[in-house]
Amino acid sequence: MQDPPSPAEPNPIAAEASGASAGADGGLPAGSPAPAGAAAEPVPHGVGPWAGAWPTDPRYDPELLAHGDTRNVIDRYRYWRMEEIVADLDTRRHPFHVAIENWQHDMNIGSIVRSANAFLADTVHIVGRRRWNRRGAMVTDRYQHVVHHETVEAFAVWAHEAGIPIIAVDNVPGAVPVDRAELPERCVLLFGQEGPGLSAEAIAAAAGHVEITQYGSTRSINASAAAAVIMYEWCRRHAA
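In what follows, the accompanying structure is described.

### Concerning the sheet that holds strand β6 (residues 187-191)
Thinking step 1. If you walk across this open sheet you meet the 7 strands as β3-β2-β1-β6-β4-β7-β5, and the pairing is parallel. Because the sheet does not close on itself, it has two edges, and the strands there are β3 (145-149) and β5 (176-177).
Thinking step 2. Relative to strand β7 (residues 208-211), β5 runs parallel, the two being bridged by 2 bridges. Looking across to β7, one finds that V176 is bridged to V210.

What follows is the structure, encoded as structure tokens:
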């Protein structure tokens with residue numbers, strides 16, 4: 001079942017303003033030209049109202065053209081309607097999925113969804129509790145397909161019927177370092193919660209088990225950081 005959309009923000013124009021550090025695409029990069037017809041002077045975290053005659057392309061949102069676009073989107077999507085951005089992403093999504101067990105309302109889930117959007121994952125699967133903390137997603141869940149499964153068993157049935165192997169990511173006995181492991185082009189990367197990691201049922205449902213090689217004293221790294229590492233490794237191997 002598809003998750004319900006996130007609650008509407010009080011200000012739809014500024015809903016996606018990002019407070020990210022330097023390097024995030026919250027505004028036009030220094031020295032980069034504004035989109036054709038856009039305001040010459042970029043505003044913080046975006047661009048101002050469209051200057052000159054408005055484009056007739058139906059992908060553009062009249063309200064954004066009138067008031068400016070402060071969303072954390074790449075320049076390609078400045079002033080576009082949200083549904084048009086999603087439709088364009090759907091033509092380019094990678095064939096890997098991401099799944100997260102959600103039994104304790106883990107705060108990392110939002111960050112994992114944000115990374116899934118950044119690496120253009122097909123779909124994010126929430127396994128367990130339907131509700132999850134969206135704060136870390138920075139509203140990227142609006143551009144990312146998110147599906148809910150009540151149980152690990154239901155998730156495993158979906159994966160089997162779809163013919164998609166589950167790759168569990170956890171530092172458990174028998175896990176292969178991801179840089180040496182097989183990482184299928186079409187797969188679902190399954191992550192556990194901060195602290196307990198993956199459940200025994202989830203580990204048993206997986207066709208492969210990978211881990212991230214570490215060099216310090218800590219036993220594990222942050223769940224959202226681990227997810228970003230694995231997604232990057234998938235993209236390094238398979239993305240065009």
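### Describing helix α3 (residues 109-118)
Thinking step 1. By the burial criterion, the buried members of α3 are I109, G110, I112, V113, S115 and A116.
Thinking step 2. Looking at the buried positions of α3, the neighbouring elements they touch are β1 (96-102), β2 (123-128) and α6 (223-238).
Thinking step 3. Directly after α3, the chain includes L120, whose backbone phi takes a positive value near 60 degrees.

### Considering the packing of aromatic side chains
Thinking step 1. Counted under the stated rule, the structure contains 6 aromatic pairs.
Thinking step 2. Between the aromatic rings of W50 and Y79, the centroid separation amounts to 5.1 Å while the plane-to-plane angle is 75 degrees, which identifies the pairing as edge-to-face. Here W50 is found in the segment before α1 (62-67), whereas its partner Y79 is found in the loop between α1 and α2 (82-90), with 29 residues between them in sequence.
Thinking step 3. Given the relative accessible area of 12%, W50 is considered buried.
Thinking step 4. A residue is classified by how much of its surface remains accessible, and Y79, at 0% relative accessible area, is buried.
Thinking step 5. Through a chain of ring-to-ring contacts, the aromatic side chains of W50, Y60 and Y79 assemble into a single cluster.

Analysis parameters
- Residues numbered from 1 in each chain as written.
- Predicted model: local features only at pLDDT ≥ 70, side-chain atom pairs only at ≥ 80, totals over all residues.
- Heavy atoms only, no water.
- Pairing = 2+ DSSP bridges.
- Helix = DSSP H or I, 4+ residues; strand = E, 2+ residues; numbered from the N terminus.
- Buried < 20%, exposed > 50% of the residue type's maximum accessible area, 1.4 Å probe, protein only.
- Contact = heavy atoms within 4.5 Å.
- Phe/Tyr/Trp six-rings, centres within 6.5 Å; stacked < 30°, edge-to-face > 60°.

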